[in-house]
Amino acid sequence: MSHPFSAYPVHVSSDDPDLWIPPRGSTACRRPPMKGARTFRTAFVDPVTRREKLAESKLESDVRDVALADRRIAAVHDQPTVIRYRDHAGRPQRHYLDFLFVLRSGVRIGVLVKPFAKAERDGLERLARVFDEKAADVAERFVVMTERHVPRTRVADAKLILRARRHSCPEARAALETVATLLRGDLTIRSLVAAAGLPAGRGFVAAVALLDVGTLVKVGTTPINPDTVVRRAGRPNGGQGGRD
């Protein structure tokens, strides 16, 4: 079975929907170094800003994708700066900040990403508190993010949302939204797409796009799929965040 995103062209903001616009480079203060054969390094182009976002681990890439898909976050800056500080023994140290999230309220959050066990071992929470005091010019607060903050379902949904921002068809979104406004109860995405008379793949992508902007909300905790139950926004127990 082919993936529902595979058959459709990328839609970009342009008078010519077939025009390819090259991405802008990352604003990172450094590119993650290749340290050996087992080094992980990835780049992803934000479909909204068309800017490259870097990560140097699978965990970092998951945190990046979840943040980019979250509409409460206005901007995601990768490897934004190096913070210089002194450790408890007075020795000079430096730490490359993994991400800087800027919320829609304007609050800046510095993010340190590490696997939970390593964060515990290295005392990363203590370092975040040091940065709260010593690097207030960089962010209002600093947080440690581990794999516990980005469970598989959340990552899977984020990746679908980011792909829908590039691949969803405006006409299909409009058709599905018209049907969605008539919803009075819960319905699977598959049934909603059928009610709109859309092809399954194109309709699924449009449904993900409507989940992204909050027209629809997901019911339950399973990853988004054609059998996911959704409801119209504003109905009881609904609600989902996102990022422009």
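As a reminder, the structure under discussion sits directly above these lines.
Notes on the structure in this doc start here. Predicted model, so just to flag it, every value in this text is computed and none were measured. (Residues numbered from 1 in each chain as written. Predicted model: local features only at pLDDT ≥ 70, side-chain atom pairs only at ≥ 80, totals over all residues. Heavy atoms only, no water.)

### Points about the sheet that holds strand E11 (residues 229-232)
So, point 1. Read from one edge to the other, the open sheet built from three strands follows the order E9-E11-E10, with strand pairing classed as antiparallel. At either margin of the open sheet sits one strand with a lone partner, and together these are strand E9 (187-188) and strand E10 (216-219).
So, point 2. Sheet analysis places E10 next to E11, joined by four bridges and oriented antiparallel. Its bridge partner being in E11, Val219 is matched across the sheet by Val229. (Pairing = 2+ DSSP bridges. Helix = DSSP H or I, 4+ residues; strand = E, 2+ residues; numbered from the N terminus.)

### Some points on the pattern of salt bridges
Opposite charge on two side chains makes pairing possible when the charged atoms of those side chains draw close.
So, point 1. This structure, assessed with the given rule, holds 15 salt bridges.
So, point 2. Among the ionic pairs, Arg64 bridges to Asp65, the shortest N-O distance being 3.1 Å.
So, point 3. Residue Asp227 pairs with Arg190 through a salt bridge whose shortest N-O separation is 2.9 Å. Taken together, the residues Asp227 in the loop between E10 and E11 and Arg190 in helix H6 (residues 189-196) connect sequence positions 37 residues apart.
So, point 4. Overall, Asp227 belongs to the partly exposed group, its relative accessible area being 45%.
So, point 5. Given a relative accessible area of 47%, Arg190 falls into the partly exposed group. (Salt bridge = Lys/Arg side-chain N within 4 Å of Asp/Glu carboxyl O. Buried < 20%, exposed > 50% of the residue type's maximum accessible area, 1.4 Å probe, protein only.)

### Quick word on the sheet that holds strand E6 (residues 99-103)
So, point 1. Pairing is mixed across the open sheet formed by four strands, whose spatial order is E3-E6-E7-E8. If you trace the sheet from one side to the other, it starts and ends with strand E3 (73-78) and strand E8 (141-145), each paired once. Shown here is a sheet whose adjacent strand axes are inclined to one another by a mean of 25 degrees, direction ignored.
So, point 2. Pairing of strand E7 (residues 108-113) with E8, which is carried by five bridges, proceeds in the parallel orientation. When the bridges of E8 are listed, Val111 appears paired with Val143.
So, point 3. Across the sheet, helix H3 (residues 124-134) is in contact with E7 and E8; its angle to E8 comes to roughly 165 degrees. (Axes fitted to C-alpha atoms, helices over the stretch in contact; angles between N-to-C directions. Contact = heavy atoms within 4.5 Å.)

### Here we look at the side chain of Arg51
So, point 1. With respect to the secondary-structure elements, Arg51 resides in the loop between strand E1 (42-45) and strand E2 (52-55).
So, point 2. Look at Arg51: it is buried, it has no salt bridge, and the nearest opposite charge is Asp78 at 7.3 Å.
So, point 3. Among the polar contacts listed, one links the side chain of Arg51 to the backbone oxygen of Gly25, at a separation of 2.6 Å.
So, point 4. Once residues lying within four places of it in the same chain are set aside, the contact partners of Arg51 are Arg24, Gly25, Ser26, Thr27, Phe44, Val45 and Asp46. (Lys, Arg positive; Asp, Glu negative; His and termini not counted. Polar contact = N/O pair within 3.5 Å; in protein donor to acceptor, adjacent residues only side chain to side chain.)

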